[in-house]
Amino acid sequence: MKKLQRSLVLFALALCACTPQRNLVYFSNLSELSKSQIRTYESEIKIQKNDLLSISVNSLNTESNILFASSTGTADADGSNKRSGFKVDNSGMVTLPVTGSLKVEGLRIEEAQKLITQELNKFVKSPVVDVQLLNFKITVIGEVNKPASFTVPGEQINLLEALGMAGDMTVYGKRENVLVIRETNGERNMVRLNLNKQEVFQSPYFHLKQNDVIYVEPDKSKEKEFSPNNRALPIVTACISAVAVLVTALIR
């Protein structure tokens, strides 16, 4: 009887031990000494094809100001919230009043402002140009609480902020294996980042760019939990525990 009891208890413990232990803490290797030594990689947002630009001009020429203020309206996917802007075509050009078509693909926002200002100076006195990116969008899918596409105001967002917008990862999300998908010049790049490590701050993919997709892979424990073959495991464990208790009672 004692041998049977011991065997049942050991078997139950072995079943419990099969559950994988995962690290759910972000940057768990971040020591007190290294906090001040972390250097982050600053990502530069550059204008891409099909980007929508808000371009406003203030000058002494009222007519030029009105031309830019009456740019073509563009609606969101749901048909609401019309936004005015100038679209960058497939050749990387943007067509503006007065100046005509200008090559802006590959330029930073500040560089585009400088270029437009230089061209307007030929026609308008002392123009002040402001350029903003209207369609800075990211998508977060997988094991997060609120998977969705998000429009980002401004041109700066990092991976942690994106996960925060999506309600953070679920307990099943693999923090050590987050996939970032980025398309640049028609080429799709995929990089996996480990959010358990502080080195992620130095990755050029930590700071996101427009149209990036973040995929949080589910842990194998979720697959096992929803597998038909493993749904009976809690019942089996409970039965073994009950038998162990019964055997103990009989011995006494």
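Per chain, residue numbering runs from 1 following the sequence as it is written. In view of the model being predicted, local features appear only for residues whose pLDDT reaches at least 70, and side-chain atom pairs are presented and counted only at 80 or more, with totals across whole chains, interfaces and linings using the full set of residues. Water and hydrogen atoms were dropped before computing side-chain values, which therefore reflect all heavy atoms in the structure.

Caption draft 1: Seen up close, unusual backbone geometry. With phi around 70 degrees, Asp168 is a residue other than glycine that occupies positive phi space. Secondary structure elements are taken from DSSP: a helix is a run of H or I of four residues or more, a strand is a run of E of two residues or more, and numbering for both begins at the N terminus. In this structure, Asp168 sits in the loop between α4 (159-165) and β10 (173-184). Even without a glycine there, the phi angle at Asn211 is positive, about 75 degrees. Of note, Asn211 is situated in the loop between β11 (187-193) and β12 (213-218). Assessed through its relative accessible area of 38%, Asn211 is described here as partly exposed. Each residue is assigned to one of three classes by its accessible area relative to the maximum for its type, calculated with a 1.4 Å probe on protein chains only: buried under 20%, partly exposed between the two thresholds, exposed over 50%.

Caption draft 2: Region of the structure containing the sheet that holds β11. One requirement defines pairing of two strands: DSSP has to find at least two bridges between them. Strand order in the open sheet formed by five strands is β9-β8-β12-β10-β11, with mixed pairing between adjacent strands. At either margin of the open sheet sits one strand with a lone partner, and together these are β9 (148-151) and β11. The mean angle between the axes of side-by-side strands here comes to 20 degrees, regardless of whether they run parallel or antiparallel. Bridge count between β10 and β11: seven bridges; the pairing is antiparallel. For Val178, the partnering residue across the bridge sits in β11 and is Leu193. Simply put, an axis is a line fit to the C-alpha atoms, just over the touching stretch for a helix, and the angle between two N-to-C directions goes from 0 to 180 degrees.

Caption draft 3: Local environment of the side chain of Arg182. Structurally, Arg182 can be placed in strand β10. Of the residues examined, Arg182 reaches a relative accessible area of 6% and is grouped as buried. Here His207 takes part through its backbone oxygen, which lies 3.2 Å from a polar atom of the side chain of Arg182. Not counting chain neighbours up to four residues away, the residues in contact with Arg182 comprise Glu187, Arg188, Asn189, Pro204, Tyr205, His207, Leu208, Lys209 and Asp212. What qualifies as a polar contact is a pair of N or O atoms within 3.5 Å, subject to a donor-acceptor requirement within protein and to the restriction that residues adjacent in sequence count only when both atoms come from side chains. Whether two residues are in contact is decided by their heavy atoms, any of which lying within 4.5 Å being enough.

Caption draft 4: The arrangement of a nonpolar patch on the surface in detail. A surface patch of nonpolar side chains, about 270 Å² in accessible area, is lined by Leu67, Val98 and Phe123. Among the structural elements, Val98 can be located in the loop between β5 (93-96) and β6 (100-103). What makes Val98 partly exposed here is its relative accessible area of 35%. Residues qualify for a patch when their relative accessible area is over 30% and they have no salt bridge, like charges being joined within 9 Å and the nonpolar side chains of Val, Leu, Ile, Met, Phe, Trp and Tyr within 5 Å. Surface accessibility follows the Shrake-Rupley procedure with a 1.4 Å probe radius. Residue values consider only the protein chains on display as shielding. One speaks of a salt bridge when a side-chain nitrogen belonging to Lys or Arg is within 4 Å of a carboxyl oxygen belonging to Asp or Glu.

Caption draft 5: Structural detail: the packing of aromatic side chains. Any Phe, Tyr or Trp ring, taking Trp's six-membered ring, that has another such ring centre within 6.5 Å forms a pair; planes under 30 degrees apart are called stacked, those over 60 apart edge-to-face, and the others tilted. Counted under the stated rule, the structure contains one aromatic pair. Their ring planes at 70 degrees and their centres at 5.2 Å tell us that Phe201 and Phe206 sit as a pair that is edge-to-face. By relative accessible area, Phe201 is classed as buried at 14%. Comment: the charge-over-ring label is applied if NZ (Lys) or CZ (Arg) is within 6 Å of the ring centre and within 35 degrees of the ring normal. Above the plane of the ring of Tyr205 lies Arg182, whose end atom (NZ or CZ) is 4.3 Å from the centre.

Caption draft 6: Spotlight on the environment of Asn196. In this fold, Asn196 is placed in the loop between β11 and β12. Considered as a pair, Asn196 and Lys174 are 22 residues apart in the sequence and their alpha carbons are 9.6 Å apart.

Caption draft 7: Geometry of the sheet that holds strand β4 (residues 86-87). In spatial order, the strands read β4-β1-β7; together these three strands make up an open sheet with antiparallel pairing. Of all the strands in the sheet, just β4 and β7 (128-133) have a single pairing partner and so form its edges. Pairing of strand β1 (residues 52-58) with β4 involves two bridges; the strand directions are antiparallel. Paired with Leu53 across the bridge in β4 is Phe86. Each of β1 and β7 is contacted by helix α3 (residues 109-120), which is oriented at about 145 degrees to β7, the strand it contacts most.

Caption draft 8: Inspection of the nonpolar core at higher detail. The definition of a nonpolar core used throughout is a set of buried Ala, Val, Leu, Ile, Met, Phe, Trp, Tyr and Cys residues joined through side-chain atoms within 4.5 Å. Of all hydrophobic cores here, the largest spans 43 residues; its most connected members are Ile55, Leu159, Leu163 and Ile214. Among the secondary structure elements, those contributing two or more residues to this core are β1, β5, α3, β7, β8 (137-142), α4, β10 and β12.

Caption draft 9: Structural context of the pattern of salt bridges. Going through the model one piece at a time under the given rule, you end up with seven salt bridges. In this structure, the salt-bridge partner of Glu183 is Arg188, at a minimum N-O distance of 3.4 Å. Between Glu217 and Arg192 there is a salt bridge; the shortest N-O distance is 3.5 Å. On the criterion of sequence distance, the pair formed by Glu217 in strand β12 and Arg192 in strand β11 is long-range, its members being 25 residues apart. We classify Glu217 as partly exposed; its relative accessible area is 22%. Its relative accessible area of 48% is what places Arg192 among the partly exposed residues. Within this structure, Lys174, Arg192 and Glu217 form a network of salt bridges that share partners.

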